[in-house]
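Structural description and commentary
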Amino acid sequence: MLTVMETHGFARELRRWRTARRWSQLELALRAGTTQRHLSYMEQGRSRPGRGIVLRLAESLELSLRERNALLLTAGYAPVFAESSLDAPELRPVREAIDRVLEGHLPYPALVVRPYGELVAANAAVTVLTEGAAGHLLEPPVNMLRLALHPDGLARRVANLPEWGRHIVEALRALALRSPDDRLDAFIAELEGYVPPLPSGPDAPGYVGFAVPLRLRCDEGELRLVTTVTSFATAVDVTLAELRLEAFLPADEETARMLRRRVIAS
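The text that follows walks through the structure, step by step, so that each part is easy to find. Given the structure is predicted, the values throughout are model-derived calculations rather than measurements.

Examining unusual backbone geometry
- The linkage connecting L106 with the following residue, P107, adopts the cis geometry, with an omega of 10 degrees.
- Relative to the elements of secondary structure, P107 occurs in the loop between α6 (92-104) and β1 (110-113).
- P141 follows P140 through a cis peptide bond whose omega is -5 degrees.
- Unlike most non-glycine residues, E62 shows phi in positive territory, near 60 degrees.
- Locating E62 in the fold gives a position in the loop between α4 (51-60) and α5 (65-74).
- Residue E62 is classed as partly exposed on the basis of its relative accessible area, which comes to 42%.
- Of note in the backbone geometry, Y116 takes a positive phi value of approximately 65 degrees without being a glycine.

Some thoughts on the packing of helix α9 (residues 161-178) against helix α10 (residues 182-192)
- Their axes nearest at 10 Å, the elements α9 and α10 cross at an angle of 165 degrees. With respect to α10, the element α9 is oriented roughly antiparallel. Crossing hand, α9 versus α10: left-handed. Mapping the contact onto sequence places R166, V169, L172, R173, L175 and A176 in α9 and L184, D185, F187, I188, L191 and E192 in α10.
- The class makeup of the residues in the contact of α9 with α10 is 8 nonpolar, no polar and 4 charged.

About the cut-offs
Residues numbered from 1 in each chain as written. Predicted model: local features only at pLDDT ≥ 70, side-chain atom pairs only at ≥ 80, totals over all residues. Heavy atoms only, no water. Helix = DSSP H or I, 4+ residues; strand = E, 2+ residues; numbered from the N terminus. Buried < 20%, exposed > 50% of the residue type's maximum accessible area, 1.4 Å probe, protein only. Axes fitted to C-alpha atoms, helices over the stretch in contact; angles between N-to-C directions. Parallel < 35°, antiparallel > 145°, perpendicular 65-115°, else oblique. Left-handed = near helix turned anticlockwise from the far one by under 90°. Contact = heavy atoms within 4.5 Å. Nonpolar A, V, L, I, M, F, W, Y, C, P; charged D, E, K, R; others polar.

Below is the structure:
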């Protein structure tokens, strides 16, 4: 009975992920190095998959390490990717590397987040993003995406909130398409409620330059910042694979000067 339940659970999840990717059985079979017939049997629960094919299918479906572990469990196998605490001794080199990278980005803000924006670490320059925010948004665990778009947070200082906020929401929507999650859908709906509609007609934004900047008002003037996102591409630990380093870089020399002055003053 347990084997039947595991097989049916795996079959249901395999069909769900393949459908989410909008791939045919043949396409997924070719990617995973198996036959369409074998894949069809697995999706019908008529064939109990081996551990190796489960891993190949998970990789071919481009699942995250957490999702690969979950797929293994539905097939009756133990997870193969560890999920360590950031405080664990084995991740000490990672923590030290993160600290060096964050420090190296000064005088520009940089931070490390978990999925959906939960703050893990930041450098001293991140105060330009948090100053003036309501206390309830700064209570741990701080969610930087909520802080960015909430009317009591960064949003009231963002000169181009409709455009910049829409980029955040659309990025989360793209993530939701690749990794469906009811919690993420609810979070997107919350954030979308904070973002004003895009202007139309003669007030519609005209994008000039290489990226849409964050135009952030501060005491010194208006900062123009662009963001870069970095991840640990070869990570085999769930915790490490889910971390994202987001760095804010000056889009013009005046912004660079203002940020340098802020760090010197502090």
